[in-house]
Amino acid sequence: MNPLYMLELQIDVMALHRFLHYQGLSGREDETDLGYGVHAWLAAAFGELAPKPWRLLMDSRRPTRILGYSEHDAVVLRQRLVEFADPSVLSVCPEPQMIASRQMPQFPEERRLGFQVLCCPVGRKARSGVEKDLFLLKADAVNRNTKLSRELVYGEWAASKLLEYDIIVESIELSGFRLVKQIRRTQGVSGNRKESRIIRPQALLEGELITGDPDRLAELLGHGLGRHRSFGYGMVLLRPAL
């Protein structure tokens, strides 16, 4: 298995908005959600080398940054950016020190770790295939008198996904939730780009887990949790257990 790197990219938010304006994407999403915009910039900057999954972290106390996992380190990504990016793309992350990386360690079996993941908990309706909030899908499938909570539905979903990677969830809680207005562009039958506006659930889950096979844990980190990982969801961040 190739080594996995955690990348940290500090970005100039004003330059990002200028890039999005040039691309005709400015002002079309929830102002607090730049998922499609960052996705577009990463694709323009790094092409097939773009990190995925990734997460945008915006905090008034420190520079805006993107964290992501990749099989390529900061040196490779910086070279791709300076050799091939358009000026408006390069201006978002112009200095070498704005891209950093470290190789992820291999955690042994039965290691207790804390985790956090910003995810988009959605599934598809059985007949129509239409994407829908997992909580609403669950509510549709049970008796109206059944008491449900987003924390329970999302927690069970995340635990089942992690179990597929030989990981046992010891505890999990929903520490943040909101509905996000987003725009998505898809390729139409005639070749024209079709634009759709949608609302998706955004959930911040935190807890503690017990690792299994180290290679399976690395697979999870490199793959991410759930759908829409190209748009800033699914990156599992690890920390020491409490």
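Reading the values: rules and limits
- Residues numbered from 1 in each chain as written.
- Predicted model: local features only at pLDDT ≥ 70, side-chain atom pairs only at ≥ 80, totals over all residues.
- Heavy atoms only, no water.
- Helix = DSSP H or I, 4+ residues; strand = E, 2+ residues; numbered from the N terminus.
- Contact = heavy atoms within 4.5 Å.
- Salt bridge = Lys/Arg side-chain N within 4 Å of Asp/Glu carboxyl O.
- Phe/Tyr/Trp six-rings, centres within 6.5 Å; stacked < 30°, edge-to-face > 60°.
- Buried < 20%, exposed > 50% of the residue type's maximum accessible area, 1.4 Å probe, protein only.

A. Local environment of the environment of S230. Along the chain, S230 falls in the loop between α7 (214-223) and β10 (236-240). Sequence separation between S230 and H39 is 191 residues; the distance between their C-alpha atoms is 6.3 Å. Setting aside its immediate chain neighbours within four residues, S230 contacts H39, K52 and W54.

B. How the structure looks around the pattern of salt bridges. Inspection of the entire model under this criterion finds 11 salt bridges. Across the salt bridge formed by E8 and R65, the nearest N and O atoms sit 2.9 Å from each other. Remark: R65 occurs in strand β3 (residues 62-70) and E8 occurs in strand β1 (residues 5-10); sequence separation between them is 57 residues. E219 serves as the salt-bridge partner of R216, at 2.4 Å between the closest nitrogen and oxygen.

C. Quick peek at the packing of aromatic side chains. Scanning the entire structure with this criterion turns up 3 aromatic pairs. Plain terms: the ring middles of W41 and F46 are 5.8 Å apart, the flat faces sit at 80 degrees to each other, and that makes the pair edge-to-face. Note on accessibility: W41 and F46 belong to one class, buried. Seen from their ring centres, Y154 and F177 are 6.1 Å apart, and the 40 degrees between their planes marks the pair as tilted. In this pair, Y154 sits in helix α6 (residues 150-163) while F177 sits in strand β8 (residues 168-187), placing the two residues 23 residues apart along the sequence.

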